[in-house]
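Residue-level structure breakdown
Chain by chain, the residues:
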Amino acid sequence: MANSKYEYVKSFEVNDEVMSPNLIVVRINGCDFRRFSEVHEFERPNDETALNLMNACAISVLEEYPDIVFSYGFSDEYSFVFKKTTKFYQRRASKILSLIVSFFSSIYPTKWKEFFPQKEMRYPPTFHGRVICCATIEVLQEYLSWRQNECHTNNQYNTCLWKLVESGKTEKEAQEILKGTQKQEKNELLFQQFGVNYKKLPEMFRQGSCVFMKQEEDIAKYSENGTPVKRLRRKARIVHSENVAGRSFWNVHQNLLKDIGGFAEDNGKINPDYIRSFLFENKLMPSTWIVIRIDGCHFHRFCDVHAFEKPNDLQALNLMNSCAMAVLKEFQDVMFSYGVSDEYSFVLKKDSEFFQRRASGIVSAIVSFFSSMYVMNWKSFFPEKELKYAPSFDGRAICYPSSEILRDYLSWRQVDCHINNQYNTCFWALVKSGKSKSDAQNTLKGTQAREKNQMLKQFGIDYNALPAMLRQGSCVFRLKEDVVIHDNGACVKKVIVDYCNIIEPSFWEAHPGIID
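Only a predicted model underlies this, so the values are computations on that prediction, with no experimental measurement involved.

Calculation criteria
- Residues numbered from 1 in each chain as written.
- Predicted model: local features only at pLDDT ≥ 70, side-chain atom pairs only at ≥ 80, totals over all residues.
- Heavy atoms only, no water.
- Helix = DSSP H or I, 4+ residues; strand = E, 2+ residues; numbered from the N terminus.
- Rg over C-alpha atoms; globule rule 2.2 N^0.38 Å.
- Contact = heavy atoms within 4.5 Å.
- Areas by Shrake-Rupley, 256 points an atom, 1.4 Å probe, with all protein chains shown as cover.
- Salt bridge = Lys/Arg side-chain N within 4 Å of Asp/Glu carboxyl O.
- Buried < 20%, exposed > 50% of the residue type's maximum accessible area, 1.4 Å probe, protein only.
- 1 Å grid on protein atoms, 1.4 Å probe; cavity = no way out; pocket = protein on both sides within 12 Å on 5 of 7 lines; lining within 4 Å.
- Points joined across faces, edges and corners; volume = space filled by probe spheres on them.
- Nonpolar A, V, L, I, M, F, W, Y, C, P; charged D, E, K, R; others polar.
- Core = buried A, V, L, I, M, F, W, Y, C linked by side-chain atoms within 4.5 Å.
- Lys, Arg positive; Asp, Glu negative; His and termini not counted.
- Polar contact = N/O pair within 3.5 Å; in protein donor to acceptor, adjacent residues only side chain to side chain.

1. Some thoughts on the overall build of the chain
Each helix and strand in the chain was counted, giving 18 helices and 13 strands. By the compact-globule yardstick of 24 Å for 516 residues, the chain fits well, its C-alpha radius of gyration being 26 Å. With respect to the principal axes defined by its C-alpha atoms, the chain has extents near 85 × 75 × 45 Å. Considering only intrachain contacts with a sequence separation of at least 6, the fraction spanning at least 24 residues in the chain is 73%. Of the roughly 24,900 Å² of accessible surface on the chain, a fraction of 48% belongs to carbon and sulfur atoms.

So this is what it looks like as structure tokens:
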């Protein structure tokens with residue numbers, strides 16, 4: 001990032017490294033997935049196609065990130081277990097969490113049509129997540145037992161509930177009937193009233209799904225004489241096991257023993273409160289401005305693969321802006337956002353209690369929604385261009401104690417926008433004139449802003465006449481005076497994107513409601 005007098009704001013960023021030898025688990029859950037399931041008319045209590053879509057997303061995550069060696073999921077939840085020696089993103093919790101949630105959220109709408117070819121996705125799903133630090137292999141074992149027990153308990157309850165509803169009971173009446181019932185009583189109710197043997201239901205519903213990678217021989221090519229040449233490749237396997245934390249399942253898979261460790265004995269009684277003590281929670285300081293900054297992951301490659309224009313692709317920037325506008329419409333606690341290139345900063349109001357100010361919940365929900373919106377909106381901005389692979393974004397939460405420091409943070413980002421854009425405009429003008437990238441870098445080395453402007457004039461480019469979005473970045477905020485009335489009668493402030501100088505006080509004086 002470029003140097004400026006505002007760079008002191010970086011000192012407010014905190015290090016959230018998960019120290020070795022803790023095992024890292026990332027668990028993600030759907031946000032308000034009941035509503036998502038109802039809107040998209042999923043079957044109750046289980047939609048097999050929707051569960052297979054979740055499993056396909058989990059497979060993609062393991063294929064994308066080799067440091068994840070095991071995952072377990074059911075319903076709208078998935079847990080991803082990293083190998084014990086992982087150095088992924090220097091073991092920084094916020095980076096790891098946001099990347100996994102972002103990639104999963106991007107993959108979900110990407111694969112939707114494979115599983116629901118006749119069904120339109122009405123709106124993008126959102127997932128939130130958290131990091132669990134397992135101090136020992138025994139903690140991981142108990143964590144997996146806990147999640148599988150939750151799978152069984154919830155599925156048995158929901159199977160009873162929806163059978164009662166199908167028989168004519170209201171949902172409230174069904175809940176009253178099931179209140180206080182034990183597992184055996186639920187099994188008897190299913191069998192005696194509905195002829196359902198719970199143990200005969202599909203294993204995926206009762207036991208959840210395990211996804212892990214296994215080394216398998218595959219034919220890589222054929223030699224000249226037609227003999228197959230085989231290579232070991234990582235291939236995903238989906239398994240449904242009655243006890244994912246049992247030695248009989250875990251200890252027969254050599255890759256799990258090697259990368260994570262073995263279970264010495266089987267679990268006894270599950271103690272969820274013990275497991276919850278290992279949940280990695282970082283509550284953000286009260287009465288501070290919360291900024292969630294997200295950045296595209298390996299976006300240089302993403303831009304090259306999708307043939308974005310250099311140095312700036314206006315459609316790609318407008319796509320980013322559309323996602324930022326959607327975030328402000330979806331999350332009312334987000335007051336303002338500023339974006340440039342593949343980066344966006346979202347400012348939450350000072351007294352926000354969004355996710356009880358848990359950094360993991362806030363970061364993951366915003367990154368997830370932004371990522372899925374990017375995929376959903378792609379065709380609106382690139383109708384002739386196929387999205388070749390799902391993008392991902394990493395994110396972090398930073399707290400700023402005063403409006404002055406918050407404004408300095410935003411000024412820092414705008415200064416960075418100008419310096420980087422001026423450099424890139426010169427760089428690509430030189431490259432397009434015939435210079436190699438190395439020569440262009442050497443030509444620009446040590447040059448100041450005035451020299452770059454003079455250089456651009458040689459190519460017929462007046463830097464100050466370039467679109468304001470390129471030079472100043474994009475601001476997304478609500479207009480205090482403009483109100484949009486929805487069909488349901490709700491009144492909300494209109495969200496707009498503008499290209500303003502936010503370093504000078506004039507912008508903030510003109511919009512006093514953004515940062516009070």
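2. Remarks on the pattern of salt bridges
Counted under the stated rule, the structure contains 19 salt bridges. Residues D67 and K83 are paired through a salt bridge, measuring 3.7 Å at the closest nitrogen-oxygen approach. With D67 in the loop between α2 (48-64) and β2 (68-74) and K83 in the loop between β3 (77-82) and α3 (93-115), the pair connects residues that are 16 residues apart, well separated along the chain. Take D67: its relative accessible area is 17%, and that puts it in the buried class. Here E166 makes a salt bridge to K163, at a shortest N to O gap of 3.8 Å. A residue pair is termed a helical-turn pair when its members lie 3 or 4 positions apart in one helix, as E166 and K163 do in helix α4 (residues 137-166) at 3 residues. Each member of the salt-bridge network shares a partner with another, and the members are E13, R293, D295 and R396.

3. Observations regarding empty space enclosed by the protein
For the structure shown, the criterion picks out 2 cavities of 30 Å³ or more. Size it by volume and the largest cavity reaches roughly 50 Å³. Forming the walls of the largest cavity are L317, M320, N321, G339, V340, S341, Y344, M469 and S474. Contributing elements (two or more residues each) for the lining of the largest cavity: α12 (314-330) and β9 (334-340). With 3 residues, α12 is the largest single contributor of residues to the lining of the largest cavity. Each residue belonging to the lining of the largest cavity can be placed in one class, and the counts come to 5 nonpolar, 4 polar and no charged. In this structure, the second largest cavity encloses a volume near 40 Å³. L51, M54, N55, G73, F74, S75, Y78, M204, G208 and S209 together form the lining of the second largest cavity. Looking at the lining of the second largest cavity, the elements with two or more residues in it are α2 and β2. Looking at the lining of the second largest cavity residue by residue, the class counts come to 5 nonpolar, 5 polar and no charged.

4. Topic: the nonpolar core
With 44 residues, the main nonpolar core has I292, F346, I362, I366, F370 and Y374 as its most contacted residues. Ranked by residues supplied to this core, first place goes to helix α13 (residues 359-381) with 13 residues. Formed by 41 residues, the second largest nonpolar core is a distinct cluster that contains F33, L53, F104 and F127.

5. Here we look at the layout of surface pockets
Put simply, the largest pocket is a space of about 990 Å³. Lining the largest pocket are 35 residues, and of these H300, P311, S341, D342 and N424 lie nearest its centre. Listing elements by their share of the lining of the largest pocket, those giving two or more residues are β8 (289-296), α11 (299-305), α12, α14 (403-432), α15 (437-444) and α17 (468-472). At 9 residues, the largest contribution of residues to the lining of the largest pocket is made by α14. Grouping the constituent residues of the lining of the largest pocket by class yields 16 nonpolar, 9 polar and 10 charged. In this model, the second largest pocket occupies a volume close to 730 Å³. Residue lining of the second largest pocket: 31 residues in total, with S37, P45, S75, D76 and N158 positioned closest to the centre. Contributions of two or more residues to the lining of the second largest pocket are made by α1 (33-39), α2, α4, α5 (171-178) and α7 (203-207).

6. Re the environment of L317
Note on placement: L317 falls in helix α12. Along the backbone, L317 and P467 are 150 residues apart, and their C-alpha atoms lie at a distance of 12 Å. Once residues lying within four places of it in the same chain are set aside, the contact partners of L317 are N312, S341, M469 and L470.

7. Things to note about unusual backbone geometry
That bond from S20 to P21 is cis: its omega, 5 degrees, falls within 30 degrees of zero. With respect to the element layout, P21 can be found in the segment before β1 (23-30). Note the cis peptide between K310 and P311, where omega equals 5 degrees. When you line up the elements, P311 lands in the loop between α11 and α12. Positive phi, close to 55 degrees, is recorded for S287, a residue that is not glycine. A positive phi angle, close to 55 degrees, is found at F355, a residue other than glycine. Looking at the element boundaries, F355 is found in the loop between β10 (343-348) and α13.

8. With respect to the side chain of R91
Mapped onto the secondary structure, R91 falls in the loop between β3 and α3. Of the side chains with opposite charge, E17 lies nearest to the buried R91, which makes no salt bridge, at 5.4 Å. For R91, the side chain forms a polar contact with the main-chain oxygen of T86, separated by 3.1 Å. If near-sequence neighbours (up to four positions away) are discounted, R91 is found in contact with D16, E17, V18, M19, S20, N22, I24, K84, T86 and I96.

Shape is all these values report; function is a separate question.
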